[in-house]
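Examination of the molecular architecture
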Amino acid sequence: MRRGARPVRWVFVVVGAVAVGLGIVGIFVPLLPTVPLFLLAAACFARGSERLHRWLVEHRHLGPVIRAYGRGRVPRRARNRALMLIWLTIPLTAFLAVRAPWLRAGLLGVGAAVSVYLLRLPLEEASTPGEDGPIQEG
């Protein structure tokens, strides 16, 4: 390994770890882009730590979405869950926590735009054994 390569790898690991942390927060906070943060983390870990990259890509809940998105698709279940969470959280936030009409409209507009984006993504159909990595027992 080159002398200057180690600090660069640590930067990738730190940025990846921050992205994972924000992605986890994004699961519960509306408008924080969860999947893009996990994709950023996977890209950073691929350059910084093979072990962390493998952990994220093979993660029981996050791995299938990351692998499918790498193939240019999104799992139907993940898309439907994202749409459900968007339309449960954004209207609640817009009408219970925001007073400014322009901000309410903005929140609803972002929710609609993200929904259109998700609905236009090609769906990952049920994978066949071996296509999506090793089969997990149990």
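A brief report on the enclosed structure follows. Predicted, not measured: the structure shown is a model, and the values here were computed from it. (Residues numbered from 1 in each chain as written. Predicted model: local features only at pLDDT ≥ 70, side-chain atom pairs only at ≥ 80, totals over all residues. Heavy atoms only, no water.)

Along its 24 residues, helix H1 (residues 5-28) runs 36 Å from first to last C-alpha, staying within 8% of the 34 Å computed at 1.5 Å per residue. Within the span of H1, buried status applies to Ala5, Val13, Gly16, Ala19, Val20, Gly23 and Gly26. On its buried side, H1 packs onto helix H2 (34-48) and helix H3 (50-57). (Helix = DSSP H or I, 4+ residues; strand = E, 2+ residues; numbered from the N terminus. Expected span 1.5 Å × (residues − 1). Buried < 20%, exposed > 50% of the residue type's maximum accessible area, 1.4 Å probe, protein only. Contact = heavy atoms within 4.5 Å.)

Below, the discussion takes up a nonpolar patch on the surface. On the surface, a nonpolar cluster with roughly 460 Å² of combined accessible area is contributed by Ile24, Val25, Ile27, Phe28 and Val29. Position of Ile24 among the secondary structure elements: in helix H1. Among the residues examined, Ile24 registers a relative accessible area of 43% and is labelled partly exposed. (Patch = residues over 30% accessible without salt bridge, like charges linked within 9 Å, V, L, I, M, F, W, Y side chains within 5 Å. Areas by Shrake-Rupley, 256 points an atom, 1.4 Å probe, with all protein chains shown as cover. Salt bridge = Lys/Arg side-chain N within 4 Å of Asp/Glu carboxyl O.)

Turning our attention to the pattern of salt bridges. By the definition in use, this model includes two salt bridges. A salt bridge links Arg54 to Glu50, with the nearest nitrogen and oxygen atoms 3.1 Å apart. In this pair, Arg54 and Glu50 are both assigned in helix H3, four residues apart and thus about one turn of the helix distant. Given the relative accessible area of 60%, Glu50 is considered exposed. In this structure, Arg71 engages Glu124 in a salt bridge whose closest nitrogen and oxygen atoms are separated by 2.4 Å. Residue Arg71 is found in the loop between helix H4 (63-70) and strand E1 (74-75), and its partner Glu124 is found in strand E2 (residues 123-124); the two are separated by 53 residues along the sequence. The partly exposed category is assigned to Arg71, whose relative accessible area is 35%.

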